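# Summary of the model geometry
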Amino acid sequence: MLKTTAAMDRLGTESAFMVLARANQLAQSGRHVINLGIGQPDFPTPPHIVEAGIKALRDGHHGYTPANGIVPLREAVAADLHKRHGVEVDPDHVVVVPGGKPTMFFAMLMFGEPGAEIMYPNPGFPIYESMINFTGAKAVPIALKEDKDFSFSADEVLAQITPNTRLIIINSPANPTGGVTPREEIDMFVAGLEAFPHVAILSDEIYSQMLYDGREHVSLLQYPSIRDRLIMLDGWSKTYAMTGWRMGYAVWPEQLVDHVTRLAVNDHSCVNAATQHAGIAALTGPEEAVLDMLAQFDRRRSIIVDGLNQIDGITCRDAAGAFYAFPNITGTGMSSRDFQDRLLDEKAVATVAGTSFGHLGEGYVRFSYANSEANILEALERVQNFVTAYP
Ligand SMILES: Cc1ncc(COP(=O)(O)O)c(C=O)c1O
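Report on the accompanying structure. (Residues numbered from 1 in each chain as written. Predicted model: local features only at pLDDT ≥ 70, side-chain atom pairs only at ≥ 80, totals over all residues. Heavy atoms only, no water.)

Check the secondary structure of the chain and you find 13 helices and twelve strands. Expected size for 391 residues packed as a compact globule is a radius of gyration near 21 Å; at 21 Å, the chain falls within 12% of this value. Projected onto its principal axes, the C-alpha coordinates of the chain cover approximately 60 × 55 × 55 Å. Burial analysis of the chain (391 residues in total) assigns 57% to the buried set. If you take every contact in the chain between residues at least 6 apart in sequence, the share linking residues at least 24 apart comes to 76%. Carbon and sulfur atoms form 53% of the exposed surface of the chain, whose accessible area is close to 16,200 Å². Separation between the mean location of the 30 positive side-chain charges and that of the 46 negative ones in the chain comes to 5 Å. (Helix = DSSP H or I, 4+ residues; strand = E, 2+ residues; numbered from the N terminus. Rg over C-alpha atoms; globule rule 2.2 N^0.38 Å. Buried < 20%, exposed > 50% of the residue type's maximum accessible area, 1.4 Å probe, protein only. Contact = heavy atoms within 4.5 Å. Areas by Shrake-Rupley, 256 points an atom, 1.4 Å probe, with all protein chains shown as cover. Lys, Arg positive; Asp, Glu negative; His and termini not counted. Charge placed at Lys NZ, Arg CZ, Asp CG, Glu CD.)

Printed below as a string of structure tokens:
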């Protein structure tokens, strides 16, 4: 028997990938599976971005690049952040990594250890809690509640800070709830942080461009008082339908840039060069494809939220961001996990139980609306039949 570290026993996972595997198994057995489980756009990467990647390969970009990313890419990121958030960012503070996840991984490795406390949204992206546990730090949940439209409460977060708190993770627009934290709440949060200069902030803004109902994105980069301890994570995966290219970035504070670059060198050396060139095309090229994708997400959002609200036992808030609906299913009498498993096995509709995003997700199920309108309508009918048939 091999002996691995105790940390390995504490490492969790992302159940959406398990649901995906089960959904694929069912599809292979001939069932028409509708996948509302996985969190990735169902659109292809826009063609001008694909072409830029191919051209980079043809042009001979086959070698290592600097660990933090090529200069024109980091400059394009800084220009994009200026355009979208009105902020100045030094391209040397931008570190490009293989996806959104490595930034979390590195932040957690930097701040997590036994005795330290890290706060994270619950329900939230499962990797936060998993990685905090891995490091041996104490995972302190920030409860996101339905009656606040799953926005965090600044007062509640600030009240939980202790001398051991090292890092606070926030995520707006949020996975799995689609919740968007309003500017006033973020103002209060940042103002309160001034009393706690020992605390770093990881703001996961990967859904920063996926907002509806005219809602604006509030980037934590817009608050000068915390810029020296803010890690702002964003990337290409969701906005440009590039999940499989594996590229993301964060803006790091000056005092952590060297740390994260060393972690990158130890871990993966660099993001592959052709993908970085595709990333420049994404940031500097035409925006129509992205706008069209967002318009389609917005339409599907209305269809799924309205449809879910018409099913007895289910109520669903009108989430303003990302591409997830997070309905309350307690009225059906099922647990989240039962709902997920039985809906997949009996009706071939893949969703993810709220509890996959933390214990406070009990009573909810995540429906990703990254699927066609026709499939969403068909899925809603199947959910209706499923719930009606439940004793
Ligand atoms: C909140 C959040 N952050 C980060 C990520 C990771 O993105 P990537 O696929 O770029 O690693 C996801 C992916 O689902 C997410 O939902």
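With their axes 10 Å apart at the nearest point, helix α5 (residues 101–111) and helix α9 (residues 254–267) run at an angle of 115° to one another. Regarding α5 and α9, the two cross each other, and that crossing is right-handed. Touching F106, L109, M110 and F111 of α5 are L256, H259, V260, L263, A264 and D267, all from α9. Partitioning the contact of α5 with α9 into residue classes produces eight nonpolar, one polar and one charged. (Axes fitted to C-alpha atoms, helices over the stretch in contact; angles between N-to-C directions. Left-handed = near helix turned anticlockwise from the far one by under 90°. Nonpolar A, V, L, I, M, F, W, Y, C, P; charged D, E, K, R; others polar.)

A word on the nonpolar core. If you look at the biggest cluster of nonpolar residues, it comprises 126 residues, and the most contacted ones within it are I168, F189, W236, W252, F297, I304 and F339. Sort the elements by how many residues they give to this core and helix α11 (residues 288–309) lands first, with seven residues. Ignoring sequence-local partners within four residues, the contact set of I304 consists of L36, A325, F367, Y369, I376 and L380. (Core = buried A, V, L, I, M, F, W, Y, C linked by side-chain atoms within 4.5 Å.)

Bridge analysis of strand β3 (residues 117–122) against strand β4 (residues 138–143) gives six bridges, and the strand direction is parallel. Within β4, the position partnered with P121 by the bridge is I142. In this region the chain leaves β3, passes through helix α6 (residues 126–135) and returns to the parallel neighbour β4; the handedness of that crossover is right-handed. (Pairing = 2+ DSSP bridges. Right-handed = clockwise from strand over helix to strand, strands pointing away.)

Okay, the site of the ligand next. As a structural note, the neighbourhood of the ligand is formed by 14 residues, with G100, N175, D204, S237 and K238 the closest of them. Separating an oxygen atom of the ligand from a backbone N or O atom of K101 is a distance of 3.0 Å. Between the ligand and S237 there is a distance of 2.6 Å, counted from an oxygen atom to a side-chain nitrogen or oxygen. Protein contacts shield 94% of the accessible area of the ligand, which totals 390 Å² for the unbound molecule. Judged by the proximity of its atoms to the pocket grid, the ligand belongs to the largest pocket. Class assignment of the residues belonging to the shell around the ligand gives a composition of five nonpolar, five polar and four charged. (Near = heavy atom within 4 Å. Polar contact = N/O pair within 3.5 Å; in protein donor to acceptor, adjacent residues only side chain to side chain. 1 Å grid on protein atoms, 1.4 Å probe; cavity = no way out; pocket = protein on both sides within 12 Å on 5 of 7 lines; lining within 4 Å. Sits in = over half its atoms within 2 Å of the grid points.)

In the structure shown here, the tally under the stated rule is 13 aromatic pairs. With 4.9 Å between their ring centres and 50° between their planes, F323 and Y324 make a pair best called tilted. In this structure Y324 comes out as buried when scored by relative accessible area, which is 1%. (Phe/Tyr/Trp six-rings, centres within 6.5 Å; stacked < 30°, edge-to-face > 60°.)

Below, the discussion takes up empty space enclosed by the protein. The final tally for this structure, using the stated rule, is three cavities of 30 Å³ or more. As a volume, the largest cavity reaches approximately 60 Å³. In terms of lining, the largest cavity is formed by P121, I142, L144, F150, F152, I169, I170, N171, A174 and T181. Taken together, the residues of the lining of the largest cavity break down into eight nonpolar, two polar and no charged. One number sums up the size of the second largest cavity: a volume of about 40 Å³. Lining the second largest cavity are D80, R84, Q209, D234, G235, W236, Y240, Y249 and L283. Its residues assigned to classes, the lining of the second largest cavity shows four nonpolar, two polar and three charged. (Points joined across faces, edges and corners; volume = space filled by probe spheres on them.)

Below, the discussion takes up the sheet that holds strand β6 (residues 200–204). On the basis of which strands lie adjacent, the open sheet formed by seven strands has the order β2-β8-β7-β6-β5-β3-β4 and mixed pairing. A strand with exactly one partner marks an edge of an open sheet, and here the two such strands are β2 (94–97) and β4. For this sheet, the mean angle separating the axes of adjacent strands, direction not counted, is 20°. For strand β5 (residues 165–171) and β6, the ladder comprises five bridges, and the chain directions are parallel. Paired with L167 across the two strands is A200, which belongs to β6.

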